Amino acid sequence: MNTRNLLDVIVVGGGAVGASAAAALAQSGFDVALVEPNPPTASAEDAPLDARVIALSPASVRFVERLGAWPLSAARAFAYREMEVRSGDEVLRFGRELVAEPALGWIVELRALQARVFDAARSRVAAVHAARVVDCERGEREARLELDDGTRLRARLVVSAEGGRSSLREAAGITADGRDYLSRGIVAHLTTEQPNPGIAFQRFLKGGPLAFLPIDGGRSSLVWTRPEAEVEPLLALDDAAFCDAVAEASGLRFGRVVAATSRVAFPLRLQLAERFHAERLVLLGDTAHVVHPLAGLGLNLGLIDAAALVDVLVDARTRERDLGSLATLSRFDSWRRSDTHAAARAIDAIERGFGGDLGRVGQWLSRGLGLVDALTPAKRFFAAAACGDIGRVPRMAQR
Ligand SMILES: Cc1cc2nc3c(=O)[nH]c(=O)nc-3n(C[C@H](O)[C@H](O)[C@H](O)COP(=O)(O)OP(=O)(O)OC[C@H]3O[C@@H](n4cnc5c(N)ncnc54)[C@H](O)[C@@H]3O)c2cc1C
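Please read these numbers as outputs of a predicted model, since none were measured by experiment.

A few words now on the overall build of the chain. Of regular secondary structure, the chain possesses 10 helices and 20 strands. Taken against the 2.2 N^0.38 rule, which gives 21 Å for 399 residues, the C-alpha radius of gyration of the chain at 21 Å falls within 12% of a compact globule. A burial count over the chain gives 54% of its 399 residues as buried. Across the chain, every contact between residues at least 6 apart in sequence was considered, and the portion connecting residues at least 24 apart equals 73%. For the chain, the exposed area adds up to about 17,100 Å²; of that, 50% sits on carbon and sulfur atoms.

Within the structure, the ligand sits among 29 residues, and Glu-36, Arg-52, Ala-55, Asp-286 and Leu-299 are positioned closest to it. Contact between the ligand and Val-133: a nitrogen atom at 3.2 Å from a main-chain N or O atom of the residue. Interatomic distance of 3.0 Å between a backbone N/O atom of Asn-300 and an oxygen atom of the ligand. Starting from 1,000 Å² of accessible surface for the ligand in isolation, the protein chains cover 86%. Of the residues in the shell around the ligand, the class split is 14 nonpolar, 10 polar and 5 charged.

To continue, consider unusual backbone geometry. Each neighbour pair has its own omega, and for Trp-70 with Pro-71 the value is 5°, a cis peptide bond. One can find Pro-71 in the loop between helix H2 (58-66) and strand S4 (77-80). Phi at Arg-280 takes a positive value of approximately 65°, unusual for a residue other than glycine. Among the secondary structure elements, Arg-280 is positioned in the loop between strand S18 (277-278) and strand S19 (281-283). Arg-280 gets classed as buried once you look at its relative accessible area, which sits at 1%.

Moving on, we get to the sheet that holds strand S3 (residues 53-56). Pairing within the open sheet is antiparallel, and its 3 strands lie in the order S3-S7-S4. Sheet topology places S3 and S4 at the edges, where each strand pairs with a single neighbour. Within the sheet, the average angular offset between the axes of one strand and its neighbour, ignoring direction, is 25°. Note: S4 against strand S7 (residues 105-109), 4 bridges, orientation antiparallel. Pairing of Tyr-80 across the sheet is with Gly-105, part of S7. Packing of helix H3 (residues 110-122) onto the sheet brings it into contact with S3 and S7, and relative to S7 it is tilted by some 90°.

A few words now on the pattern of salt bridges. With the rule as written, the count across this model stands at 29 salt bridges. The salt bridge partner of Glu-228 is Arg-184, with a shortest N-O separation of 2.8 Å. Of the two residues, Glu-228 sits in helix H5 (residues 228-236) while Arg-184 sits in strand S12 (residues 176-192), which places them 44 residues apart along the sequence. Accessibility expressed as a relative area gives 15% for Arg-184, which makes it buried. One salt bridge connects Lys-379 with Asp-373, and the closest N-O pair in it is separated by 3.4 Å. We classify Lys-379 as buried; its relative accessible area is 15%. Among the charged side chains, a salt-bridge network with shared partners connects Arg-62, Glu-101, Asp-389 and Arg-399.

Cut-offs and rules
- Think of each chain on its own: its residues are numbered from 1, step by step along the sequence as written.
- Side-chain atom pairs in this predicted model are given and counted only at pLDDT of 80 or more, local residue features only at pLDDT of at least 70, and totals for whole chains, interfaces and linings cover all residues.
- Excluding hydrogens and water, the side-chain values take into account all heavy atoms of the structure.
- The helix count covers DSSP runs of H or I at least four residues long, the strand count covers runs of E at least two residues long, and both are numbered beginning at the N terminus.
- Radius of gyration here uses only the C-alpha atoms, and the compact-globule reference equals 2.2 Å multiplied by the residue count raised to the power 0.38.
- Whether a residue is buried, partly exposed or exposed follows from its accessible area with a 1.4 Å probe, protein chains only, as a fraction of its type maximum: under 20%, in between, or over 50%, in that order.
- In this analysis, two residues are considered to be in contact whenever any of their non-hydrogen atoms come within 4.5 Å of each other.
- Residue exposure ignores everything except the shown protein chains as possible cover, and the areas themselves are Shrake-Rupley values with a 1.4 Å probe.
- The rule for a residue being near a molecule or strand is that one of its heavy atoms must lie within 4 Å of it.
- Side-chain atoms alone can form a polar contact between residues adjacent in sequence; in general such a contact is a pair of N or O atoms within 3.5 Å, and within protein one must be able to donate a hydrogen while the other accepts it.
- Gly falls in the polar group here, along with every residue not listed as nonpolar (Ala, Val, Leu, Ile, Met, Phe, Trp, Tyr, Cys, Pro) or charged (Asp, Glu, Lys, Arg).
- Note on pairing: two strands pair once DSSP finds at least 2 bridges between them.
- Only the stretch in contact is used when a helix axis is fitted, and all axes are lines through C-alpha atoms; the angle between N-to-C directions ranges over 0 to 180 degrees.
- What counts as a salt bridge is simple: a side-chain nitrogen of Lys or Arg found within 4 Å of a carboxyl oxygen of Asp or Glu.

Below, the structure written as structure tokens:
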């Protein structure tokens, strides 16, 4: 590619969000370059499942499928057909029959997904630069980027999908506020006495929720939120003591825990950018919003950002509008900022309520679970939300 050419879009950051945006925009006929210093690679076929797995909604799956990045290998993606949420003595359960989908969602190895969408991008975009952005100038007609390998690029629009710490967001003076949950999410893969038959199970406990997500061979992937002070002591336990602690916290949902892989803990925070755009710049994925993992939504929101950006830019092109103008990008901002801020606030309220901060509110929320369980229309709403089918769904994620 002649880098002196004016591109339509430069996507900075080739995680699952940036790479899917680059692939989808290129597939829609835009001239796109992708900048990612550490291109992801898939694990060897016989490698054990990576510790990082995430829940992917059917709407997100439809989007990556349209990019040719789905299905993943059967050893890296596992359907779940039922969700079960417990708090105290109350329980909410719903299954895929409420939403007429083959699954309520899939638990997927993040690394495998990243590698597949990156390959989809690589085969469609004009160029992939294995470099880091060091400078960005945004002008009235175009944006200019300088990479740490000396490459200079020009485009109508720059997309920042750099993750939670975005140099481009900071350089544009867009603040990102929120709060540190002062907790970490401990993840490990577990073998339980009774195999997990495909249930995404979550139990709210004082201090944070515990989730068992179904993976291979009846195992479950654990995401256990614990306050900072408890994390190191839990990580220091030997296997048997750790398994006992997890089994007790789960209320023995699948019986005793008989084995656990090595544990890793991730800091958790809420972080919302005050706006998702500036002239010639748009923010996607964790650059725009970082949320607590209790609803399994972070990456799903980011993938829907990417699909929504395609809708907005295709419409701008049809109307012969400037792709990077404030007028074009404010359409994206008002759509995605309102949806993601609403989701983030709801997740934050659930975290505070069930986590114990709000005392009596937590008890009401627990009772609410039981009430919702008794009402099929309410359950249908929650099932549709879990599938990513509420609000405005972008064209590439629609059924
Ligand atoms: C414990 C835990 C469990 C979770 N579970 C779920 C779940 O079940 N479901 C779900 O949807 N989400 C979940 N999430 C959230 C999800 O992991 C993130 O939202 C998602 O991975 C963010 O993807 P991203 O592409 O926006 O950012 P990232 O994956 O962080 O990618 C950013 C990319 O940008 C590149 N980059 C950074 N700076 C530059 C630069 N200057 N120049 C060029 N490139 C740059 C980086 O190299 C990186 O590849 C979970 C999170 C945690 C912590």
